[in-house]
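# Report on the structure
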Amino acid sequence: MKHFKILMLFAVISFNLNAQNNLNLETKNQEHTTYAIKNINVIPMTENNRLIENASIVIQNNIIQSINDSIPANAKIINGKDKWLIPGLIDMHVHNLASSTPFVLYPTKGPLINFDTQDLMSLYIANGVTSVFELSARPEHIGQRNEIKRGDVIGPRIALAALIDAENANMTATNPADGRQAVRIAKGEQYEFIKVYSKLNEETFKAIIDEAQQQNMKVVGHIPGVFEGQPAKDFFIPHFGLIAHAEELSKQTNEYTYEKAQEFARLAKENGTWLIPNLSNMESIIKQAQSLENIQKLPGFKYVHPLMQSKWITSNSHYGASDELIEYFQKQADFHKLLVKAFKENEVPMLAGTDAGISGIIWGFSLHDELKLLVEAGLTNEEALASATRLGAEWLEIEDKMGTIETGKFADLILLDENPLENISNTSKISGVFVDGQWIDKNKIDAMLTDVEKWNEANKESFDWKELLNSLKN
């Protein structure tokens, strides 16, 4: 009976909060509002990135209409004095919660577990993350993007990569013919990118990448385990455009030296393969292995859905690792920093991505942690910012629309209290965010987060990860 009640709870519960609905209505009414930010210091993040001091920015119809031009008489004025404007941030590696079920219980039943899209997306917006790259895209994520596009939810732009693996994936392929068909299906279902994964065999891996090139779809992902022990040149396949983690490279070697990092960087340069270092992933794993309190003390933990809080604490796969395994993780983490240094030296572009959604990596908050780690690894503050703005847009091939502050581009912007070029931690000192031209000031940001926190606190006793798993077995 207890398990039945849990199932019923997940089946019928609704996460729509009146406060958030009111906020959505308010922002919908902003669609045709003209804004002018006055006396703002603009960090445009263009290639020359020439600072524009005491500028005036006009935003109309969700577009940056002008910089230092006349201000329309009907414009709503935002005071930017002593503040700094940067492009909205892009997290190039996320996994978003979406209503789903692990299997079909019966026709018409629908998802077993429902998550409120706004609750999740509020975490991105509160942290100035105005675009994300979903690397395990499912139909539910297309639905989330539609909610945002309609204006029902305030959230980031979402790029979608369909994941293909040999097993345990929405799309599976164990031979080249199936791999090619999976790519064609993904394109037909309106996914824009392909993600290759760890259990593909070599022939299928190559066929997927070749078919993606024919279908004009870029490829991101893992280096399959079948390549372990082979020369590094074997897995740098033409059109394999982006490695999802530095960890994919550290898995391919036992030589955690700068010379090996240089070898990987040179091959990546020759192949045109970019890298998401994802330093925060391994750093988080080490902390979780040492103590679960390191998760509970995270500043954004109270905003994580209670079911995920329960999962991260009660079913944590990293906690309790041996001292030897933690030492190995640390060697990998140190090698990942060498990879950043080597890729920078070889002028291979790197993108900021966090694996947000996995245990201990909190949507939105994690990107600021990643920027700090990139700077610690050797990037300048400006280079780190570029990895989360201009370069992400370039790899996604939408640099004509976003990633820099220029006239004609989408008004995805962050108003900061302090200069991030002086201290990268200042990216988290947010005074307000423009998301698709809609202005969310600090008071609204605080209200959005408060709503999420209150709901989580009120409902945390209703969610238990192990109880859920047990209920599925019975």
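Structural data are supplied above this passage.
Here's what I pulled together on the structure shown here.

Parameters and conventions
- Residues numbered from 1 in each chain as written.
- Predicted model: local features only at pLDDT ≥ 70, side-chain atom pairs only at ≥ 80, totals over all residues.
- Heavy atoms only, no water.
- Phe/Tyr/Trp six-rings, centres within 6.5 Å; stacked < 30°, edge-to-face > 60°.
- Helix = DSSP H or I, 4+ residues; strand = E, 2+ residues; numbered from the N terminus.
- Buried < 20%, exposed > 50% of the residue type's maximum accessible area, 1.4 Å probe, protein only.
- Lys NZ or Arg CZ within 6 Å of the ring centre and 35° of its normal.
- Core = buried A, V, L, I, M, F, W, Y, C linked by side-chain atoms within 4.5 Å.
- Contact = heavy atoms within 4.5 Å.
- Polar contact = N/O pair within 3.5 Å; in protein donor to acceptor, adjacent residues only side chain to side chain.

Before going further, it helps to examine the packing of aromatic side chains. Applying the stated criterion across every chain, the model contains 17 aromatic pairs. Look at Phe133 and Trp395: their rings are 5.9 Å apart centre to centre, the planes differ by 45°, and that puts the pair in the tilted class. Highlighted residues: Phe133 in strand S7 (residues 129-134) and Trp395 in helix H15 (residues 390-395), separated in sequence by 262 residues. Using a relative accessible area of 0% as the deciding quantity, one classes Phe133 as buried. Residue Trp395 is classed as buried on the basis of its relative accessible area of 2%. Taken together, the ring pairs connect Phe205, Phe227, Phe235, Phe236, Phe240, Tyr256, Phe264, Tyr328, Phe329 and Phe335 into an aromatic cluster. In this structure, Lys218 is placed above the aromatic ring of Trp395, and the distance from its NZ or CZ to the ring centre is 4.3 Å. Its end group placed over the ring of Tyr258, Lys341 keeps NZ or CZ at 5.0 Å from the ring centre.

Our focus in this paragraph is the nonpolar core. By size, the foremost hydrophobic cluster in this structure holds 124 residues, and its most contacted members are Phe133, Leu249, Phe343, Trp363 and Trp395. Excluding residues that lie within four positions of it along the chain, Phe343 makes contacts with Leu249, Ala261, Phe264, Ala265, Ala268, Leu275, Val348 and Met350. Counting residues in hydrophobic clusters, the runner-up holds 16 residues, among them Tyr35, Ile37, Ile57 and Phe434.

Following the sequence through the fold, Asn456 ends up in helix H16 (residues 442-459). Here Asn456 falls in the buried class, since its relative accessible area comes to 4%. The spacing of Asn456 and Lys302 is 154 residues in sequence and 7.3 Å in space, taken between C-alpha atoms. If we skip the residues at most four places from it in the chain, Asn456 touches Lys302, Tyr303, Val304, His305, Pro306 and Gln309. A distance of 3.0 Å separates a polar side-chain atom of Asn456 from the backbone oxygen of Lys302.

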